[in-house]
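Report on the structure
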Amino acid sequence: MSAAPAGEASAALPEVAPLGRTGGWRRPLLLALTAGLVAFLCVTAVFGQLPNMQQRNIAVTLVLLIGLISFPAHAGERDRVPWYDWAMALVLIVAAVNLHLKFWDIMMDPMAAIATRDLVLGLVVAAITVEVSRRAVGSSFAVLVLLAVLYTLYGNLIPGRFAHTGLTWQFLAENVYFSTSGLWGPLTDSFVSLISLFVIFGALMMNTGVGSAMMDAAKLAAGRYTGGAAKIAVLSSAMVGTITGSSVTNVAMTGQFTIPLMKRLGYKPSVAGAIEATASSGGQITPPLMGAGLFLMADFLNVGVTDIMLAALIPAFLFYVGVLASVHFDSAKDGVGGVPADEMPDPARLRDPRVVIPLLLPFVVLIGMIAQGWPVSWAVLAASAAIALSHLLTARSLDDLANNTRELVNALIETGPGLVTLGALIAAASVLVGLIDLTGVGVKFTEVILGLSDGSLIVTLLLSAAVMLLLGMGMPTTAAYVLSTAVIVVALQRVGLSPLQAHLFAFYVATLSALTPPVCAAVFVAAGIAGAPWPETAYHTVRLAIIKYLLPFLFALHPALLMEGSAAMVLVTLIVAVIGTVLMSASLSGYLVAPMSPLARMALFVAAALILAPEPISSVVGLALGGALVWLLRRRA
């Protein structure tokens, strides 16, 4: 098979992995800004926040200042900060001071306190926010926000169901900048209050050697078995991905090791890239962290994060069962064995206290404090402090101490781009959600979906998934999920889903945006590393990730998979789902206990589909058919 050049496969990479400018004289400036932002977030998390708009204004302004310096408008300016970036930085500072000083006047008498120049300044700040989000995560979401602004202003010119009366720019500016339903809305509050603290936690973990220890743990756990390299990719991506919260970042980090290893041991380049892309998408759905989506969902539903963690356990388990089964059957069919012994890490490394303590202590502190009922913000701050202290205290010499201190400073620097990526995205998403609420377009989408489905649950699920895959194309998961909450969640609840089911359905579909062609950022990055054509890599990704496409429908139709119902019902549903998932993976791989003919694969696929169907009688028929097929295949093996 001829592989496409890496450049062809990664042609879209600037869209998802912007080039930063953090070196030279910018480093101390970024360090100062990031240190100030981290200190502000941590101090206010412990001692109490400022009034809502003042708190969010300071945090978002610092995020945007870091973003303007770190992320160039285009690749040609990565070595300098042009005059217009400094001009935007000055506007941000002036606007932040203006809003902070006028806050109480605005609260008491907004009509008298807000002048036309304030409205113009607010719109400029909103535009800068969208521009920084474009630089950090790509243009697709920024274009959507721009379309929403145009729709808000000129919706009266649109004929038909989606028309509205149209709004003035002054009214738009007031809602976007001088209220808590736009830029300073609940999404921004979630970022400032909690999500940002987890970004700090993740940066500390990844820059103090925890990520390397996780990779070694995955090698020791799975490397010696059939398809060991692929299973290492799955396990390491699961552990690293739950910290990074990004499929694309996960591929870029773990794929540099796992993809060349898989290729060297016999996997086709496109399959190696597909395995890494699929595995890397699992971190966002894996408790306990699940990226930013966990905290946004808790905020939307007004429930504790532990409730969502528990509900997400079984779907995450089924995802890994499906992916591990797929890579096992693929590896067995192609005769790919384990990783050679001389490439395995020394098990003694994971018994070294300098490795074990920083690896385990943060999670023990985090999960333990949350389970004891401490505020989540305090728990993550304590876990972050545990990382920093354990990293310093495990030094065995002054040289070690100096090196570990440098790594903590580097972690602080690396926190900046992470805060910008999520902060600018969530602030821009706040603007978008505010405009959707302002125009009522979300309600109109709900009416259209329910009208087309005629109230059918299955049809509503299919239509909702199709709408979100289309609208979320090329977007980061967080942005796609936020958009879905405004567009499809109400429709899902109208046809009988609980709020938790509806939000998890929307979130799972949002995570598919990184895998689903034609705009599949995680696949582009994986294909680039593998040196494989991205369309072929995307085909294998969808095949390997089939369970992830099915899971939203499964827990929508089987609430027991979200631990809703009796313990017996949950256990029975889980066992049946595991059997169906494994047989589905085998049918798509073409191997179970031996290679299968096309007819056997088709029959096994039908059996798996029946097992996973919502009606008990279908599951019974599927289990009988699947059992008979397994018996026949074993006899012929």
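Use the structure listed above.
Please read these numbers as outputs of a predicted model, since none were measured by experiment.

1. Examining the overall build of the protein
- Of the regular secondary structure elements, the protein holds 30 helices and zero strands.
- A compact globule built from 637 residues would reach a C-alpha radius of gyration of about 26 Å, and the protein, at 25 Å, matches this within 12%.
- If one aligns the C-alpha atoms of the protein with their principal axes, the spans along those axes are about 85 × 70 × 50 Å.
- Within the protein, the proportion of its 637 residues that are buried is 56%.
- Looking at the protein alone, contacts between residues at least 24 apart form 76% of all its contacts between residues at least 6 apart.
- Carbon and sulfur atoms form 68% of the exposed surface of the protein, whose accessible area is close to 25100 Å².
- Side-chain charges in the protein split into 31 positive and 31 negative, and the spacing between the mean points of these groups amounts to 8 Å.

2. Brief notes about the side chain of serine 589
- Here serine 589 shows up in helix H28 (residues 567–589).
- Given a relative accessible area of 1%, serine 589 falls into the buried group.
- Polar side-chain contacts of serine 589 include one of 3.5 Å to the backbone oxygen of serine 326.

3. Some points on the packing of helix H16 (residues 305–334) against helix H24 (residues 499–511)
- Relative orientation of the contacting elements H16 and H24 amounts to 55°, with a least axis distance of 12 Å. The angle between H16 and H24 places the two elements in the oblique class. The interaxial crossing formed by H16 with H24 has right-handed handedness. Each of Ile308, Ala311, Ala312, Pro315 and Ala316 in H16 lies in contact with H24, whose residues at this interface are Leu500, Leu504 and Tyr508.
- Broken down by class, the residue content of the contact of H16 with H24 amounts to eight nonpolar, no polar and no charged.

4. Quick look at empty space enclosed by the protein
- Per the counting criterion, the structure on display carries two cavities of 30 Å³ or more.
- There is about 50 Å³ of room inside the largest cavity.
- If you trace the largest cavity, you find it lined by Asn57, Val60, Thr61, Leu64, Leu92, Ala95, Ala96, Val125, Tyr177 and Trp184.
- Secondary-structure elements contributing two or more residues to the lining of the largest cavity are helix H4 (52–70) and helix H5 (83–108).
- Of the residues in the lining of the largest cavity, the class split is eight nonpolar, two polar and no charged.

5. Notes on the side chain of threonine 439
- Residue placement: threonine 439 occurs in helix H19 (residues 398–439).
- Accessibility expressed as a relative area gives 8% for threonine 439, which makes it buried.
- Within the structure, the side chain of threonine 439 is placed 3.4 Å from the backbone oxygen of isoleucine 436, a separation counted as a polar contact.

6. Quick notes on the pattern of salt bridges
- Taken as a whole and assessed by the stated rule, the structure comprises nine salt bridges.
- The partner of arginine 134 in a salt bridge is glutamate 131, with the nearest N and O atoms 2.9 Å apart. Note that arginine 134 and glutamate 131 are positioned in helix H7 (residues 116–137) at a spacing of three residues, about one turn of the helix.
- Of the charged contacts in the structure, one is a salt bridge between arginine 161 and glutamate 447, with a shortest N-O distance of 4.0 Å. Of this pair, arginine 161 sits in the loop between helix H8 (139–154) and helix H9 (169–177) while glutamate 447 sits in helix H20 (residues 441–453), and the two are 286 residues apart along the sequence.
- What you see here is one network of salt bridges that share partners, running through Asp85, Glu131, Arg134 and Arg135.

7. Concerning the packing of aromatic side chains
- Here the structure, examined in full by the defined rule, presents 15 aromatic pairs.
- Ring geometry for tyrosine 481 and phenylalanine 507: centres 5.5 Å apart, planes at 85°, overall edge-to-face. Of the two residues, tyrosine 481 sits in helix H22 (residues 477–487) while phenylalanine 507 sits in helix H24, which places them 26 residues apart along the sequence.
- Taking the relative accessible area as the measure of exposure, tyrosine 481 reaches 0% and is therefore buried.
- Positioned above the aromatic ring of phenylalanine 319, the side-chain terminus of lysine 548 is 5.5 Å from the ring centre.

8. A word on a nonpolar patch on the surface
- Nonpolar side chains collect at one region of the surface, where Val143, Leu146, Leu147, Leu150, Tyr154 and Leu157 lie side by side and expose about 610 Å² of accessible area between them.
- The topology assignment puts leucine 147 in helix H8.

9. Considerations on the packing of helix H10 (residues 186–206) against H19
- It is the contact of H10 with H19, at a shortest axis distance of 9 Å, that shows an interaxial angle of 155°. Taken together, the axes of H10 and H19 are roughly antiparallel relative to one another. The chirality of how H10 crosses H19 is right-handed. In this structure, H10 contributes Leu187, Thr188, Phe191, Ile195, Ser196, Val199, Ile200, Ala203 and Leu204 to the contact, and H19 contributes Leu408, Ala411, Thr415, Gly418, Leu419, Leu422, Gly423, Ile426, Ala427, Ala429, Ser430 and Val433.
- Broken down by class, the residue content of the contact of H10 with H19 amounts to 15 nonpolar, six polar and no charged.

10. Concerning the nonpolar core
- Ranked by internal contacts, the top residues of the largest apolar core, which has 177 residues, are Phe141, Phe198, Phe201, Leu366 and Phe505.
- A per-element tally of this core places H19 first, with 16 residues.
- With sequence-adjacent residues up to four places away left out, phenylalanine 505 is seen in contact with Leu461, Ser464, Ala465, Leu492, Pro552, Phe553, Phe555 and Ala556.

Thresholds applied
Residues numbered from 1 in each chain as written. Predicted model: local features only at pLDDT ≥ 70, side-chain atom pairs only at ≥ 80, totals over all residues. Heavy atoms only, no water. Helix = DSSP H or I, 4+ residues; strand = E, 2+ residues; numbered from the N terminus. Rg over C-alpha atoms; globule rule 2.2 N^0.38 Å. Buried < 20%, exposed > 50% of the residue type's maximum accessible area, 1.4 Å probe, protein only. Contact = heavy atoms within 4.5 Å. Areas by Shrake-Rupley, 256 points an atom, 1.4 Å probe, with all protein chains shown as cover. Lys, Arg positive; Asp, Glu negative; His and termini not counted. Charge placed at Lys NZ, Arg CZ, Asp CG, Glu CD. Polar contact = N/O pair within 3.5 Å; in protein donor to acceptor, adjacent residues only side chain to side chain. Axes fitted to C-alpha atoms, helices over the stretch in contact; angles between N-to-C directions. Parallel < 35°, antiparallel > 145°, perpendicular 65-115°, else oblique. Left-handed = near helix turned anticlockwise from the far one by under 90°. Nonpolar A, V, L, I, M, F, W, Y, C, P; charged D, E, K, R; others polar. 1 Å grid on protein atoms, 1.4 Å probe; cavity = no way out; pocket = protein on both sides within 12 Å on 5 of 7 lines; lining within 4 Å. Points joined across faces, edges and corners; volume = space filled by probe spheres on them. Salt bridge = Lys/Arg side-chain N within 4 Å of Asp/Glu carboxyl O. Phe/Tyr/Trp six-rings, centres within 6.5 Å; stacked < 30°, edge-to-face > 60°. Lys NZ or Arg CZ within 6 Å of the ring centre and 35° of its normal. Patch = residues over 30% accessible without salt bridge, like charges linked within 9 Å, V, L, I, M, F, W, Y side chains within 5 Å. Core = buried A, V, L, I, M, F, W, Y, C linked by side-chain atoms within 4.5 Å.

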